[in-house]
Amino acid sequence: MPTTVVVGLQWGDEGKRKIIDLFAQRADVVIRCNGGNNAGGTIVNGHGEVILHLIPAGILNPAALCIIERGVTIHPPSLVEEMELLESRNVSLKQLKISPYAHLVMPWHIAEDRGQEIMAIRGTTLRGIGPCYQDKAGRRDALRVGDLWNKRRFFTFLESIWRKKARELAGNYGVTMEDFSTIRIQYAEARERLLPHIEQDPQRLIRKALEKNREILLEVAHGLLLDMDYGTYPYVTACNTTSAAACHIAGVSPREVTKIVGVAKAYLTRVGPGPFPTELHSEQGSRLRELGKEYGATTGRPRRCGWLHLPLLQYACRVNHVTEIALTKLDILGLLPAVRLGVGAKYRNDDPFSLWRIDEMAPCYQEYEGWGSISECNFRDELPAEAIRYLNAIQENITRPINYISTGSERKRIIVF
Ligand code: IMP
């Protein structure tokens with residue numbers, strides 16, 4: 001049985017959740033590995049439109065065990081809100097398990113994200129994710145899911161950190177946060193709700209599934225270009241977003257992984273600042289944004305739009321050791337009268353590749369005519385010739401098969417090769 005990793009190959013928002021949902025329908029275990037509620041993705045299926053931030057997309061498969069593992073940063077009130085939304089849609093949460101080792105996002109993390117000028121310059125989602133990972137790495141003032149088990153100890157610790165952080169926030173950034181009693185009520189409610197889902201030893205469940213040859217799916221949030229080490233630093237998120245990082249967090253040996261599916265949008269988008277060599281500043285960019293509804297699922301911010309950039313895509317495939325590609329929103333791109341594809345004349349497979357030089361990476365472009373609507377195409381052969389030409393150019397360049405093409409937001413709008 002395969003162990004599959006699904007990773008994003010761009011700056012997030014590649015449409016990973018739709019692909020994860022596809023695999024999750026037959027998975028036995030789905031593991032969310034990283035990030036927090038800074039990530040967000042929409043799934044459209046029998047449950048209507050569902051936006052998930054923290055809960056693995058596998059939750060829509062009642063038979064799949066869904067684990068939020070230790071690399072995820074969890075804001076308890078937001079997780080509870082998401083759980084309630086799912087329950088209101090009759091989605092069962094019986095199979096949801098949370099690692100006790102995952103760190104908690106606390107109100108001071110959100111206040112720090114809002115208060116620090118540098119966070120605004122980085123264009124963070126203001127969900128407190130960076131400051132939470134910072135305290136985790138700092139090994140101080142950190143609370144983890146497992147701390148919720150001991151109520152007295154948890155609130156004593158919470159109060160003492162709150163006092164210290166309230167002083168620091170006021171002194172350093174002139175920022176205030178909620179008073180302790182408000183936070184206490186908020187976290188006490190969330191604690192009650194989360195306790196039944198905390199799993200003593202999620203690794204045991206994962207190992208058992210591996211031993212029984214069950215189908216396992218590792219869900220990686222964000223995208224390679226937002227990775228702390230491999231992305232466009234410092235305009236990145238505060239964790240690792242690679243397939244290898246997912247194995248590390250899930251406790252799955254890289255040797256046990258059978259498939260690494262890289263998800264890329266047929267064009268590029270990015271929220272927040274940072275380099276973007278193929279960005280469209282013209283009317284075409286706005287058109288793409290409107291056609292693709294390119295507004296952040298978490299913050300509603302308009303996404304910057306541009307053409308696909310093959311050297312960056314190739315880099316993301318290499319770092320992630322991608323075995324196959326899922327290309328999303330090909331239907332949207334084809335609605336433009338003319339399409340361009342950024343090919344790197346200067347960058348070949350064996351050339352040194354350096355993100356230090358990303359600003360010099362303005363590529364040469366190949367031109368295509370828009371291929372019009374493909375939402376009724378169910379097989380590759382039914383795709384218009386110009387769309388096939390576009391796909392072939394990508395495939396030849398990145399030397400990985402494109403095995404999935406998403407042609408619309410609904411679950412059934414996908415061509416599987
Ligand atoms: P943070 O993750 O909130 O600290 O934000 C750091 C950078 O990552 C900002 O540019 C965000 O817009 C971006 N970012 C974080 N999560 C996502 C995501 O899921 N999709 C797209 N961009 C994201």
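All values reported here derive from a predicted model rather than from experimental measurement.

1. Some details on the sheet that holds strand β9 (residues 216–219)
Strand order across the open sheet formed by nine strands is β7-β5-β2-β9-β1-β10-β14-β17-β18, with mixed pairing between neighbours. With partners counted over all chains shown, the strands left at the sheet margins are β7 (96–98) and β18 (414–416), one partner each. Neighbour to neighbour, the strand axes of the sheet diverge by 20 degrees on average, direction disregarded. Here four bridges tie strand β2 (residues 29–32) to strand β5 (residues 65–68), and the two strands are oriented parallel to one another. Bridge pairing in β5 links Ile-31 to Ile-67.

2. As for the site of the ligand
Around the ligand, 15 residues are found, and the nearest of them are Asn-38, Thr-125, His-222, Thr-237 and Arg-301. Between the ligand and Asp-13 there is a distance of 3.2 Å, counted from a nitrogen atom to a side-chain nitrogen or oxygen. Note that an oxygen atom of the ligand is positioned 2.8 Å from one of the side-chain N or O atoms of Arg-301. Class assignment for the residues of the shell around the ligand results in five nonpolar, seven polar and three charged. Counting the residues that make up the shell around the ligand, at least three belong to each of domain 1 (3–101 + 197–259) and domain 2 (103–195).

3. A closer look at unusual backbone geometry
For the bond running from Tyr-233 to Pro-234, omega is 5 degrees, close enough to zero to count as cis. The topology assignment puts Pro-234 in the loop between β9 and α9 (243–250). Of note in this structure, Arg-139 is not a glycine but carries a positive phi near 55 degrees. Within the fold, Arg-139 resides in the loop between α5 (129–138) and α6 (151–173). Positive phi is not limited to glycine here, since His-222 has a value of about 65 degrees. With respect to the helices, strands and loops of the structure, His-222 is situated in the loop between β9 and α9.

4. Some words on the pattern of salt bridges
Across all of its chains, the model carries 23 salt bridges by this definition. Ionic pairing is found between Glu-294 and Lys-329, a salt bridge with its closest N-O pair at 2.8 Å. Of this pair, Glu-294 sits in the loop between α10 (283–291) and β12 (304–306) while Lys-329 sits in the loop between β14 (324–328) and α12 (330–333), placing them 35 residues apart in sequence. The class of Glu-294 is buried, set by a relative accessible area of 0%. By relative accessible area, which is 21% here, Lys-329 ends up partly exposed.

5. Observations regarding the environment of Gln-395
Its location among the elements puts Gln-395 in helix α13 (residues 385–398). Distance in space between the C-alpha atoms of Gln-395 and Thr-156 is 56 Å, their sequence separation being 239 residues. Discounting chain neighbours no more than four positions away, the residues touching Gln-395 are Arg-400, Pro-401 and Ile-402.

6. With respect to a positive patch on the surface
Residues Arg-204, Lys-208, Lys-212 and Arg-214 make up a contiguous surface patch of positive charge. Mapped onto the secondary structure, Arg-214 falls in the loop between α8 (202–211) and β9. Looking at Arg-214, the relative accessible area reads 38%, which means it is partly exposed.

7. Some thoughts on the domain arrangement of the chain
When cut into domains, the chain gives domain 1 (3–101 + 197–259), domain 2 (103–195) and domain 3 (264–416). Here the C-alpha centre of domain 3 lies 38 Å away from the C-alpha centre of domain 2. In this assembly, six residues from domain 2 lie in contact with five residues from domain 3. Between domain 2 and domain 3, a total of about 360 Å² is buried, with carbon and sulfur atoms accounting for 50% of that surface.

8. Brief notes about the layout of surface pockets
In this structure, the second largest pocket encloses a volume near 270 Å³. In terms of lining, the second largest pocket is formed by 15 residues, of which the most central are Gly-231, Thr-232, Tyr-233, Leu-355 and Trp-356. Looking at the lining of the second largest pocket residue by residue, the class counts come to ten nonpolar, three polar and two charged. Residue assignment places the lining of the second largest pocket across two domains, with domain 1 (3–101 + 197–259) and domain 3 (264–416) each supplying three or more.

Rules used throughout
Residues numbered from 1 in each chain as written. Predicted model: local features only at pLDDT ≥ 70, side-chain atom pairs only at ≥ 80, totals over all residues. Heavy atoms only, no water. Pairing = 2+ DSSP bridges. Helix = DSSP H or I, 4+ residues; strand = E, 2+ residues; numbered from the N terminus. Axes fitted to C-alpha atoms, helices over the stretch in contact; angles between N-to-C directions. Near = heavy atom within 4 Å. Polar contact = N/O pair within 3.5 Å; in protein donor to acceptor, adjacent residues only side chain to side chain. Nonpolar A, V, L, I, M, F, W, Y, C, P; charged D, E, K, R; others polar. Domains from an automatic or database assignment. Salt bridge = Lys/Arg side-chain N within 4 Å of Asp/Glu carboxyl O. Buried < 20%, exposed > 50% of the residue type's maximum accessible area, 1.4 Å probe, protein only. Contact = heavy atoms within 4.5 Å. Patch = residues over 30% accessible without salt bridge, like charges linked within 9 Å, V, L, I, M, F, W, Y side chains within 5 Å. Areas by Shrake-Rupley, 256 points an atom, 1.4 Å probe, with all protein chains shown as cover. Lys, Arg positive; Asp, Glu negative; His and termini not counted. Charge placed at Lys NZ, Arg CZ, Asp CG, Glu CD. Buried area = accessible area lost by both parts, 1.4 Å probe. 1 Å grid on protein atoms, 1.4 Å probe; cavity = no way out; pocket = protein on both sides within 12 Å on 5 of 7 lines; lining within 4 Å. Points joined across faces, edges and corners; volume = space filled by probe spheres on them.

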